[in-house]
Amino acid sequence: MKRKLLFLERFIYGDGTIPKNITFTVKIRGAISESALRQALAKVQAKHPLLTVAVQEDSKGQPWFVTPTPVPEIPLRIVERSSEDDWMRESEKECSLRFDMQQGPLLRMVWIRSGVVSDLIMVCHHCICDGASIVTLFREILTLTDQPKLEIGQYDSFNTIEDLVPRVILEDRKNKRKGLITSAFLRLFLFFVPQKKELPWGKDYTVRWKMDKASTAALVRRCKEDRTTVHAALCTAFLWAFRQVKGNKARNQVFCPVNLRRYISEIKDDMLFGFASSTTLSLEKDPALDFSAQVKKVNTRLSEKLENLKVYEEIMINEYYHPVVKKLSQYLSTAKGNNDLTFSNMGRLDIPKRFSSFEVETVHNPILVFKSANPNGIIVSTFDEQMNFSFLSNDAYLSEEEAAAIRDKAMEAIKSLTRNTERLTQHAEY
């Protein structure tokens, strides 16, 4: 494989010196063998072209995905398990360890093992995989570890933007003109914007909690009754909670990544892809609206924005921004931004709970520590009918006490939304 990084891949890559790693951990109960796990990693690497690549820059500084010869195998590091917190310590360590970008591969594995319980940590560079990719990879690794003789096939990745974006979009004069104009304005803005000092950086932290199965089910039922989405309800809850805790300092805006697979037919569900589109959501400022009404307003706005996304045009126009990628990265590292937080909803994780030789006991949300001017991020996923939340931030930007208060108020809001639904359910069961 040899292709130029698309703009968003290049933006995530940066200059290759700063770790942009995601760790994803699964706790299993049961026996696995080292040979089966290594064989699973080999088969997964053979299937996905992006697991064979390194990143190498040409004479103009343009980074390329390049498959070296021979392809290095996916590293597996084995650690003996001594406590329930080992996975957290190893995950934080892996977040800070750089990949060998010029040699690859851009994925590695840590196995924290004991006789009965193991933690498997997958570490990948964000430029080759998004949240959906890491779920796919873990499902395949677990399945192949359980069934070593299973074959999962291979596929060819796209090599140019022409393989990804339809020709009619690429050749459209209006799109070309828009790309040239917006890139020129961006270049002009970045030239005149004053250089700000780098913001102070403190201690990274993560606040974790789970919603029990009954509460998770009640939220899903209430959203179905109201014809809204769980995503809209959670965004509303966290925006409302952020405003309650931060007062006038709240910006009333949440940044939401959008999985591009639903818009790009060339990217199948089981293919690796390194970036997403995005949208932003805000609460109405009408004080007469109660929480339920706000959820409906947010849900309507979310539906409208998703329906109006022009993904192919966005990818094409982004390619005009390559000349300013470094200055843009510098600017965004010091700009405070307009968002209160980033909200990533991984949805119901497509990972089986039971295999023939082991059981998945816990799936921990991904950990990613990217130094940015707004590190507030919330990740939510659902596994075994239970929602799992992570609030990642830095105490120079938001104190851990404030994050905990936002968590509590958001869960109170969700509880108030589902209270009537829970009562009706209990009534019916009685």
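Rules of the game
- Residues numbered from 1 in each chain as written.
- Predicted model: local features only at pLDDT ≥ 70, side-chain atom pairs only at ≥ 80, totals over all residues.
- Heavy atoms only, no water.
- Helix = DSSP H or I, 4+ residues; strand = E, 2+ residues; numbered from the N terminus.
- Salt bridge = Lys/Arg side-chain N within 4 Å of Asp/Glu carboxyl O.
- Buried < 20%, exposed > 50% of the residue type's maximum accessible area, 1.4 Å probe, protein only.
- Core = buried A, V, L, I, M, F, W, Y, C linked by side-chain atoms within 4.5 Å.
- Contact = heavy atoms within 4.5 Å.
- Disulfide = S-S within 2.5 Å.
- Pairing = 2+ DSSP bridges.
- Phe/Tyr/Trp six-rings, centres within 6.5 Å; stacked < 30°, edge-to-face > 60°.
- Lys NZ or Arg CZ within 6 Å of the ring centre and 35° of its normal.

Draft legend 1. The arrangement of unusual backbone geometry in detail. Each neighbour pair has its own omega, and for T69 with P70 the value is -5 degrees, a cis peptide bond. Mapped onto the elements, P70 comes out in the loop between β4 (63-66) and β5 (76-80). Of note, the amide linkage connecting G104 to P105 takes the cis form, showing an omega dihedral of -10 degrees. Unusually for a residue other than glycine, D384 sits at a positive phi of about 55 degrees.

Draft legend 2. Representation of the pattern of salt bridges in the model. Evaluated as defined, the whole model comprises 29 salt bridges. In this structure, the salt-bridge partner of E90 is R77, at a minimum N-O distance of 2.8 Å. On the criterion of sequence distance, the pair formed by E90 in helix α3 (residues 86-96) and R77 in strand β5 is long-range, its members being 13 residues apart. A relative accessible area of 3% means that E90 is categorised as buried. Taken together, the shared-partner salt bridges in this structure form one network comprising R77, D86, R89, E90, K93, E94 and R108.

Draft legend 3. The arrangement of the nonpolar core in detail. By size, the foremost hydrophobic cluster in this structure holds 117 residues, and its most contacted members are L142, L219, F238 and F343. In terms of residues, this core owes the most to one element, helix α9 (residues 230-246), which gives 10 residues. Those residues in contact with L142, other than ones at most four positions away along the chain, are V26, I28, L120, I351, F355, F358 and V360. Among the nonpolar cores identified, the runner-up in size contains eight residues, and L190, I317, Y321 and V325 belong to it.

Draft legend 4. Region of interest: the state of the cysteines. Going through the model one piece at a time under the given rule, you end up with one disulfide. Note that C124 is cross-linked by a disulfide to C129, the S-S spacing being 2.5 Å. With the S-S bond torsion at 65 degrees, the cross-link from C124 to C129 turns out right-handed. Neither residue differs from the other here; C124 and C129 are each classed as buried. Here C95 is not disulfide-linked; the sulfur of C124 is the nearest cysteine sulfur, at 10 Å. According to the relative accessible area criterion, C95 is buried, its value standing at 6%. Here C235 stays free of any disulfide, with the sulfur of C256 as its closest cysteine sulfur at 3.7 Å. According to the relative accessible area criterion, C235 is buried, its value standing at 2%.

Draft legend 5. Geometry of the pairing of strand β3 (residues 54-57). Alignment of β3 against β4, held across four bridges, turns out to be antiparallel. Following the sheet pairing, E57 is matched in β4 by P63. Hairpin connection between β3 and β4: a loop of five residues separates the two successive antiparallel strands, and G61 in this loop has a positive phi of roughly 85 degrees.

Draft legend 6. Representation of the packing of aromatic side chains in the model. Throughout the structure, instances matching the rule amount to 11 aromatic pairs. Aromatic side chains F189 and Y331 sit 5.3 Å apart centroid to centroid with 85 degrees between the ring planes, which places their arrangement in the edge-to-face category. Of the two residues, F189 is situated in helix α7 (residues 173-192) and Y331 in helix α12 (residues 325-334); the sequence distance between them amounts to 142 residues. On the numbers, 5.0 Å between centres and 0 degrees between planes, the contact of W209 with F389 is stacked. In this pair, W209 is assigned in strand β8 (residues 204-211) and F389 in strand β14 (residues 386-394), connecting sequence segments 180 residues apart. Here a set of aromatic residues connected by ring pairs shows up, and it is made of W209, F238, F343 and F389. Here the basic side chain of K2 rests over the ring of W64, its NZ or CZ set 5.4 Å away from the ring centre. The ring of W111 has R113 lying over it, and the distance from NZ or CZ to the ring centre is 5.4 Å.

Geometric values such as these leave the question of function open.
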